[in-house]
Amino acid sequence: MHRHVTCSYWNPSHDTVFVDCVASWVEERWRNPVFTPLRLEPWRVQVMRGEEYPAGELTGAVWYGH
């Protein structure tokens with residue numbers, strides 16, 4: 001089992017964001033015992049604008065964390 005997850009966002013103009021994260025359970029106690037939050041620590045974020053797709057320029061901006 002590994003703790004890596006990828007989250008993504010898309011909107012109707014085809015702008016997208018992809019976030020690669022390391023996930024961990026938050027050990028704090030919460031009022032609702034059914035809810036256990038997850039901490040997501042991003043190590044890579046890629047943003048792509050929808051207008052790049054028709055031109056085939058699929059580079060986008062990429063940020064790498066530490």
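This is a predicted model, so every value here is computed, not measured.

1. Some points on the side chain of D20
Moving on, step 1. Here D20 shows up in strand β2 (residues 16-25).
Moving on, step 2. In this structure D20 comes out as buried when scored by relative accessible area, which is 13%.
Moving on, step 3. In terms of polar contacts, D20 uses its side chain to reach the side chain of T6, at 2.7 Å.

2. A look at the sheet that holds strand β1 (residues 4-10)
Moving on, step 1. Sheet architecture is open: four strands sit in the order β1-β2-β3-β4, paired in antiparallel fashion. What marks the edges here is a single partner per strand, and that holds for β1 and β4 (61-64). Mean inter-strand twist for the sheet, computed between neighbouring axes without regard to direction, equals 30°.
Moving on, step 2. Pairing of β1 with β2 involves seven bridges; the strand directions are antiparallel. From the neighbouring strand, Y9 faces β2, where its bridge partner is V17.

3. As for the pattern of salt bridges
Moving on, step 1. Under the defined criterion, the tally for this structure stands at one salt bridge.
Moving on, step 2. Close ionic contact of D20 with R44 constitutes a salt bridge, the shortest N to O distance being 3.3 Å. A residue pair is termed long-range when its members are at least 10 positions apart, and D20 in strand β2 and R44 in strand β3 (residues 38-48) qualify at 24 residues.
Moving on, step 3. A relative accessible area of 17% places R44 in the buried class.

4. As for the environment of G60
Moving on, step 1. Turning to its location among the elements, G60 is positioned in the loop between α1 (52-55) and β4.
Moving on, step 2. In this structure, the C-alpha to C-alpha distance between G60 and V17, residues 43 residues apart in sequence, is 9.4 Å.
Moving on, step 3. Excluding anything up to four places from it in sequence, G60 contacts V47, M48 and E52.

5. Here we look at the environment of N11
Moving on, step 1. As for its position among the elements, N11 is in the loop between β1 and β2.
Moving on, step 2. Distance from N11 to G50, taken between C-alpha atoms, is 8.9 Å for residues 39 residues apart in sequence.
Moving on, step 3. In this structure the side chain of N11 is engaged in a polar contact, spanning 2.9 Å, whose partner is the side chain of S13.
Moving on, step 4. A distance of 3.1 Å separates a polar side-chain atom of N11 from the backbone nitrogen of D15.

Cut-off values and rules
Residues numbered from 1 in each chain as written. Predicted model: local features only at pLDDT ≥ 70, side-chain atom pairs only at ≥ 80, totals over all residues. Heavy atoms only, no water. Helix = DSSP H or I, 4+ residues; strand = E, 2+ residues; numbered from the N terminus. Buried < 20%, exposed > 50% of the residue type's maximum accessible area, 1.4 Å probe, protein only. Polar contact = N/O pair within 3.5 Å; in protein donor to acceptor, adjacent residues only side chain to side chain. Pairing = 2+ DSSP bridges. Axes fitted to C-alpha atoms, helices over the stretch in contact; angles between N-to-C directions. Salt bridge = Lys/Arg side-chain N within 4 Å of Asp/Glu carboxyl O. Contact = heavy atoms within 4.5 Å.

None of the figures reported here should be taken as evidence of function without further support.
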